[in-house]
Amino acid sequence: MAIAIDGPAASGKSSTAKAVARALGFHHVDSGALYRAATAARSRQAGAPETWTEASVIEAARIVSLAPTETGFTPLLDGQEAELEMRGDSATDNVSRVAQMPGVRNWVNSIVRKTGQEYDVVVDGRDIGTVVFPNARLKIFLIADPAERARRRLLERLGAEPSAPQISEETARILLRDELDAKQSGRARDAIVIDTTRLARADQIEKIVKLGREAMV
Ligand code: DC
C-alpha cells in the first residue's frame, strides 16, 4: 500500500511523511532526497552545472544506494551517509535542473516504485500521486502560504524566530523554487488538499494518520 504526500517546497512534506509512516508502521521514502543524491553525486565530478548532461548525471548516480533507516530509507553516496552534501547550498541550487531531466526522473521513479512493491510506503515528493503511484490508496497535497513556509524553514534552520526581512528574503527564494519545480509538480485530482498555514504540526499529522487508517480498511 502506498500513501502519496505531495506539495511545494518547504510545505513540511518530508517531516510529515516520516511521522505518518512511523505512526502507521510504514516505510518513509523521500523522493526529493534521491534527486538531491543524484545532484550531489554529479557535483563530485568535474564540470560546471550548466554543462551537465542527463547521461553524465545518470552515470554519476551509480554511486547512490538506498539504505534502510529506523523509519524508512535514506540515500547513501558510495555507501556513506551524505546528508550535509545533499542538503547543502550547491545541491539545493542545482537540484531543480537535475530533476527536469526525464532520464533522472525515470531513475528515481523506478527506485521508489520498487520500495512500494516490497513495503507499505509513505512517499513524499512532487509527482507521487500523479505519476509515480497514480493508484496510491491515499493522496495528500500539502499547501501553506509562502511566507509561512519561509518562516518555518528559517525557524528550523536558525532555531529562533526569524525577523521580517529574513522572512521576505526566504519567501522570494521559495517562490523561485516553486517556479523552477512547477513543471515537475502536480496535484492529483483525487488528492486531499490540506492547508497547513494555520494548522499545528501535530494536528496535521494526526489528520493524515486518521485518513491513512481509514484508507487501510
Ligand atoms: O523536496 P525537496 O526540496 O528535497 O526536492 C528536491 C528537488 O527535487 C526539488 O527541486 C523538487 C524535485 N523533486 C521532483 O521534481 N519530484 C519529486 N517527486 C521530488 C522532488
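Refer to the structure presented above.
This structure is a prediction, so every number in the text was calculated from the model and none was measured. (Residues numbered from 1 in each chain as written. Predicted model: local features only at pLDDT ≥ 70, side-chain atom pairs only at ≥ 80, totals over all residues. Heavy atoms only, no water.)

What am I meant to see in the overall build of the protein chain here?
Along the backbone of the protein chain there are 10 helices and 8 strands. Oriented by its inertia axes, the alpha-carbon framework of the protein chain measures out at about 50 × 45 × 30 Å. The buried share of the protein chain, taken over its 217 residues, is 49%. For the protein chain, the proportion of contacts with a sequence separation of at least 24, taken over those separated by at least 6, is 74%. For the protein chain, the accessible area works out to roughly 10900 Å², and carbon and sulfur atoms hold 52% of it. (Helix = DSSP H or I, 4+ residues; strand = E, 2+ residues; numbered from the N terminus. Buried < 20%, exposed > 50% of the residue type's maximum accessible area, 1.4 Å probe, protein only. Contact = heavy atoms within 4.5 Å. Areas by Shrake-Rupley, 256 points an atom, 1.4 Å probe, with all protein chains shown as cover.)

For this particular structure, what's the right way to read helix 5 (residues 89-99)?
In an α-helix, one turn spans 3.6 residues, which is why side chains three or four residues apart end up on the same side. Residues of helix 5 that are buried: Ala91, Thr92, Asn94, Val95, Ser96, Val98 and Ala99. Packed against the buried residues of helix 5 are helix 2 (31-43), helix 3 (54-60), helix 4 (83-87), helix 6 (102-118) and helix 9 (164-181).

Which parts of the structure should I look at to understand the site of the ligand?
Close contacts around the ligand come from 17 residues, with Arg36, Arg105, Arg126, Asp127 and Asp181 the closest. Between an oxygen atom of the ligand and a side-chain N or O atom of Arg126, the distance comes to 2.9 Å. For the ligand, the accessible surface in isolation is 450 Å², of which the surrounding protein chains cover 96%. Of all elements in the fold, only helix 2, helix 5 and helix 9 reach the threshold of two or more residues within the shell around the ligand. (Near = heavy atom within 4 Å. Polar contact = N/O pair within 3.5 Å; in protein donor to acceptor, adjacent residues only side chain to side chain.)

For this particular structure, what's the right way to read the sheet that holds strand 4 (residues 73-77)?
The strands making up a sheet associate through hydrogen bonds between their backbones, and the pairing can be parallel or antiparallel. Sheet architecture is open: 3 strands sit in the order 3-4-5, paired in antiparallel fashion. Pairing within the sheet leaves two strands with one partner each, and these edge strands are strand 3 (64-68) and strand 5 (80-81). Pairing of strand 3 with strand 4, which is carried by 5 bridges, proceeds in the antiparallel orientation. Counted as the bridge partner of Ala67 is Thr74 from strand 4. In the packing of helix 2 onto the sheet, contacts are made with strand 3 and strand 4, and the angle to strand 4 comes to roughly 5 degrees. (Pairing = 2+ DSSP bridges. Axes fitted to C-alpha atoms, helices over the stretch in contact; angles between N-to-C directions.)

What should I look at first to understand the nonpolar core in this one?
The nonpolar side chains of soluble globular proteins are, as a tendency, buried together. If you look at the biggest cluster of nonpolar residues, it comprises 33 residues, and the most contacted ones within it are Val57, Val64, Leu77, Trp107, Val112, Val123 and Phe133. The set of elements that each furnish at least two residues to this core consists of strand 1 (2-6), helix 2, helix 3, strand 4, helix 5, helix 6, strand 6 (121-125) and helix 7 (128-132). Among the elements that line this core, the one with the most residues is helix 2, at 7 residues. Contacts of Val57, omitting those with residues within four sequence positions, involve Ala38, Arg42, Trp52, Val98, Met101 and Val104. The next biggest cluster of nonpolar side chains, apart from the first, holds 17 residues, and it includes Ile3, Ala17, Val20 and Leu24. (Core = buried A, V, L, I, M, F, W, Y, C linked by side-chain atoms within 4.5 Å.)

So what exactly am I meant to see when it comes to the pattern of salt bridges here?
It is possible for side chains of opposite charge to pair when their charged atoms get near one another. Scanning the model with the defined rule gives 18 salt bridges in all. In this structure, the salt-bridge partner of Arg22 is Glu70, at a minimum N-O distance of 3.0 Å. Linking Arg22 in helix 1 (residues 13-24) with Glu70 in the loop between strand 3 and strand 4, this pair joins segments that are 48 residues apart in sequence. With a shortest N-O distance of 2.9 Å, Arg151 and Glu161 are connected by a salt bridge. Taken together, the residues Arg151 in helix 8 (residues 146-158) and Glu161 in the loop between helix 8 and helix 9 connect sequence positions 10 residues apart. Given the relative accessible area of 24%, Arg151 is considered partly exposed. With a relative accessible area of 52%, Glu161 lands in the exposed category. Shared partners join several salt bridges into a network, and the residues in it are Glu148, Arg151, Arg152 and Glu161. (Salt bridge = Lys/Arg side-chain N within 4 Å of Asp/Glu carboxyl O.)

What should I look at first to understand the packing of helix 5 against helix 9 in this one?
Viewed as axis vectors pointing N to C, helix 5 and helix 9 meet at an angle of 30 degrees, and their least axial separation amounts to 9 Å. The angle between the axes of helix 5 and helix 9 places the two elements in the roughly parallel class. For the pair helix 5 and helix 9, the crossing hand works out as left-handed. For the pair helix 5 and helix 9, contact is made by Thr92, Asp93, Val95 and Ser96 and by Arg177, Leu180 and Asp181, respectively. For the contact of helix 5 with helix 9, the per-class residue count stands at 2 nonpolar, 2 polar and 3 charged. (Parallel < 35°, antiparallel > 145°, perpendicular 65-115°, else oblique. Left-handed = near helix turned anticlockwise from the far one by under 90°. Nonpolar A, V, L, I, M, F, W, Y, C, P; charged D, E, K, R; others polar.)

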